[in-house]
Amino acid sequence: MAIPTWVWIATMSGIAAVIAFDFYLVARNPRDPSFRESLVSVSVYVGLAILFGLGVLVFAGPRYGGEFFAGWITEYSLSVDNLFVFVLIMGRFAVPHEYRQKVLIVGVVLALLLRAVFIAVGAEAIARFDWLFYVFGAFLIFTAWKMLKEGPAADEGEFPENAVLRAVRRVLPTAPRYDGAALTTRVAGKRLVTPMLIVMVAVGTTDLLFAVDSIPAIFGLTKEPYLVLTANAFALMGLRQLFFLVGGLLDRLVHLGKGLAVILAFIGVKLILEALHHHGVAWAPEIPILLSLGVIVVVLLITTAASLLASRQARLRSEQEGAAGS
């Protein structure tokens, strides 16, 4: 898939323009958005991703169109795990409600920049060392097993600070409280950073930890850096709105981790089989991208339905026990 330089420039400029407009809207009226507003915003971002995917389908063919949709859906579903941690971060740093949108959008921009570096390094490494697909495949299978064994990390109820965040807190003197949405403030004549800057770094760098899983996963669906980057961009751009839309529903997605584990394991096996096929192993098949897309969608639908059913049954049991107790 040969991408002209002007297409790269146009795509990145378009993504930057959308993010800048989104930031303008947030900065103009800082507040918690309503459910209806969040639903409309998520619908717009999903619509943009679908339009982009259809464009890839028309101009590059069904193979690359399918790869984009498979990668975007995978990244978007894996990003729901980010939301669990974002909830913990917001609570850990006691972010004022009216500034949570700004924190998320700046954190997402930072995360996207870090992922772009990660993707560039990964694409170059894969181009030079195709045996890395065995490593990626084994890593994804191990990650899936670990997710099934340990269960959702959100149950821990605490946000563990990563090394980057700890370094920032050591190097930059931090004020004890927020100063509106400002990133720096003066305390006793000294210029200090506010917790607002720290929480933005927390959101951005914590997302990179999730990319350790998701980037190898999407490379298992497409080898095209352009599709990898755009799928990640469209998944991340809609995260802020998704946070406010499903924030109250996260605890109901009780089986989401199991579904994501199945998807990661499937992609890991796909990577290993395709690497074996590429190296001349006759019995190892190449899994078509449409089959991969179908597996991902079906697993997510089953997982979501099972989660909502389990949550409904648990609520009914709780109501029956409460009625019996009274």
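An account of the accompanying structure is given in this report. Owing to the predicted nature of the structure, the values given are computational and were not obtained by experimental measurement.

### So, the overall build of the protein chain
And then number 1: Counting its regular elements, the protein chain contains eleven helices and two strands.
And then number 2: Listing the helices and strands of the protein chain from first to last along the sequence gives α-α-α-α-α-α-β-β-α-α-α-α-α.
And then number 3: Taken over the C-alpha trace, the protein chain has a radius of gyration of 21 Å; the compact-globule value for 326 residues is 20 Å, and the two agree within 12%.
And then number 4: C-alpha atoms of the protein chain, sized along the principal axes, occupy 70 × 60 × 35 Å.
And then number 5: Within the span of the protein chain, comprising 326 residues, buried residues form 45% of the whole.
And then number 6: Seen as two clouds, the 26 positive and the 23 negative side-chain charges of the protein chain have centres 7 Å apart.

### Examining the pairing of strand 1 (residues 184–187)
A regular strand carries its side chains on alternate faces of the sheet.
And then number 1: Of the strand pairs in this sheet, strand 1 and strand 2 (residues 190–193) are connected by four bridges, and their pairing is antiparallel. For Val187, the partnering residue across the bridge sits in strand 2 and is Lys190.

### Thoughts on the layout of surface pockets
And then number 1: In this structure, the second largest pocket spans a volume of roughly 580 Å³.
And then number 2: In terms of lining residues, the second largest pocket is bounded by 18 residues, among which Tyr76, Ser77, Val80, Leu242 and Thr304 are the most central.
And then number 3: For the lining of the second largest pocket, the secondary structure elements donating two or more residues are helix 2 (35–60), helix 3 (62–92), helix 9 (239–246) and helix 11 (289–325).
And then number 4: Class assignment for the residues of the lining of the second largest pocket results in 16 nonpolar, two polar and no charged.

### Overview of the side chain of Thr185
And then number 1: Residue placement: Thr185 occurs in strand 1.
And then number 2: On the basis of relative accessibility, which here comes to 10%, the residue Thr185 falls in the buried class.
And then number 3: Polar side-chain contacts of Thr185 include one of 2.9 Å to the side chain of Asp179.
And then number 4: Not counting the four nearest positions on each side in its chain, Thr185 is found in contact with Ala175, Asp179, Lys190, Arg191, Leu192 and Thr194.

### Details of the packing of helix 1 (residues 5–28) against helix 4 (residues 100–128)
And then number 1: Contact pair helix 1 / helix 4: the axes reach a minimum separation of 9 Å and the direction vectors enclose 160 degrees. If you check the angle between helix 1 and helix 4, you find them roughly antiparallel. As for how helix 1 packs across helix 4, the hand of that crossing is left-handed. The residues of helix 4 that touch helix 1, namely those facing Ile15, Ile19, Asp22, Phe23 and Val26, are Gln101, Lys102, Ile105, Val106, Val109 and Leu112.
And then number 2: Among the residues making up the contact of helix 1 with helix 4, the classes are represented as eight nonpolar, one polar and two charged.

### Considerations on the nonpolar core
And then number 1: If you look at the biggest cluster of nonpolar residues, it comprises 87 residues, and the most contacted ones within it are Phe68, Trp72, Phe86, Ile89, Phe93 and Val103.
And then number 2: The residues contacting Phe86, other than those within four sequence positions of it, are Leu104, Val203, Leu239 and Phe243.

### Here's the deal with the packing of helix 1 against helix 8 (residues 225–237)
And then number 1: Close contact between helix 1 and helix 8 brings their axes to 11 Å; oriented N to C, the two are set at 5 degrees. Considering their axes alone, helix 1 and helix 8 lie roughly parallel with respect to each other. On helix 8, the residues that touch Val7, Trp8, Thr11, Met12, Ile15, Val18 and Ile19 of helix 1 are Pro225, Tyr226, Leu229, Thr230, Ala233 and Met237.
And then number 2: Residues that form the contact of helix 1 with helix 8 fall into these classes: eleven nonpolar, two polar and no charged.

### Some words on the environment of Ala233
And then number 1: Tracing the backbone through its elements, the reader meets Ala233 in helix 8.
And then number 2: Its relative accessible area of 2% is what places Ala233 among the buried residues.
And then number 3: Along the sequence, Ala233 and Ala324 sit 91 residues apart, while their C-alpha atoms lie 51 Å from each other.
And then number 4: With residues near it in sequence (within four places) discarded, Ala233 still touches Ile15 and Leu112.

Scoring rules and cut-offs
- Along each chain, the written sequence defines residue order, and numbers are assigned to residues from 1.
- Predicted model: local features are reported for residues with pLDDT of at least 70 only, side-chain atom pairs are reported and counted for 80 or more only, and whole-chain, interface and lining totals are derived from all residues.
- Computation of side-chain values: all heavy atoms of the structure, hydrogens and water removed.
- Secondary structure elements are taken from DSSP: a helix is a run of H or I of four residues or more, a strand is a run of E of two residues or more, and numbering for both begins at the N terminus.
- Here the globule rule is a power law, 2.2 Å times the number of residues to the power 0.38, and the radius of gyration is based on C-alpha atoms.
- Burial classification: accessible surface area is computed with a 1.4 Å probe over protein chains only, and a residue below 20% of its type maximum counts as buried, one above 50% as exposed, and the rest as partly exposed.
- Only four residue types enter the charge count, namely Lys and Arg as positive and Asp and Glu as negative; His and the chain termini do not.
- Every charge is mapped to an atom, namely NZ of Lys, CZ of Arg, CG of Asp or CD of Glu.
- Strands are treated as partners if at least two bridges between them are detected by DSSP.
- Residues are called lining when one of their atoms sits within 4 Å of a cavity or pocket point, these points coming from a 1 Å grid over the protein atoms alone, where a cavity is a set in which a 1.4 Å probe fits but cannot get out and a pocket is an open set with protein on both sides within 12 Å along at least five of seven lines.
- Grid points are joined across faces, edges and corners, and a volume is the space filled by probe spheres set on the points.
- Any residue outside Ala, Val, Leu, Ile, Met, Phe, Trp, Tyr, Cys, Pro, Asp, Glu, Lys and Arg is labelled polar, Gly included; the first ten of those are nonpolar and the last four are charged.
- Polar contacts, as counted here, are pairs of nitrogen or oxygen atoms within 3.5 Å of one another; within protein the pair requires one atom able to donate a hydrogen and one able to accept it, and residues that are adjacent in sequence qualify only if both atoms are side-chain atoms.
- Whether two residues are in contact is decided by their heavy atoms, any of which lying within 4.5 Å being enough.
- A fitted line through C-alpha atoms serves as each axis, taken over the contacting stretch for helices, and the angle formed by two N-to-C directions is quoted from 0 to 180°.
- Between 65 and 115 degrees an angle is taken as roughly perpendicular, under 35 as roughly parallel, over 145 as roughly antiparallel, and anywhere else as oblique.
- In this scheme the crossing of two helices becomes right-handed for a clockwise turn of the near helix relative to the far one and left-handed for an anticlockwise turn of less than a right angle.
- Residues belong to a common nonpolar core when they are buried Ala, Val, Leu, Ile, Met, Phe, Trp, Tyr or Cys residues joined through side-chain atoms within 4.5 Å.

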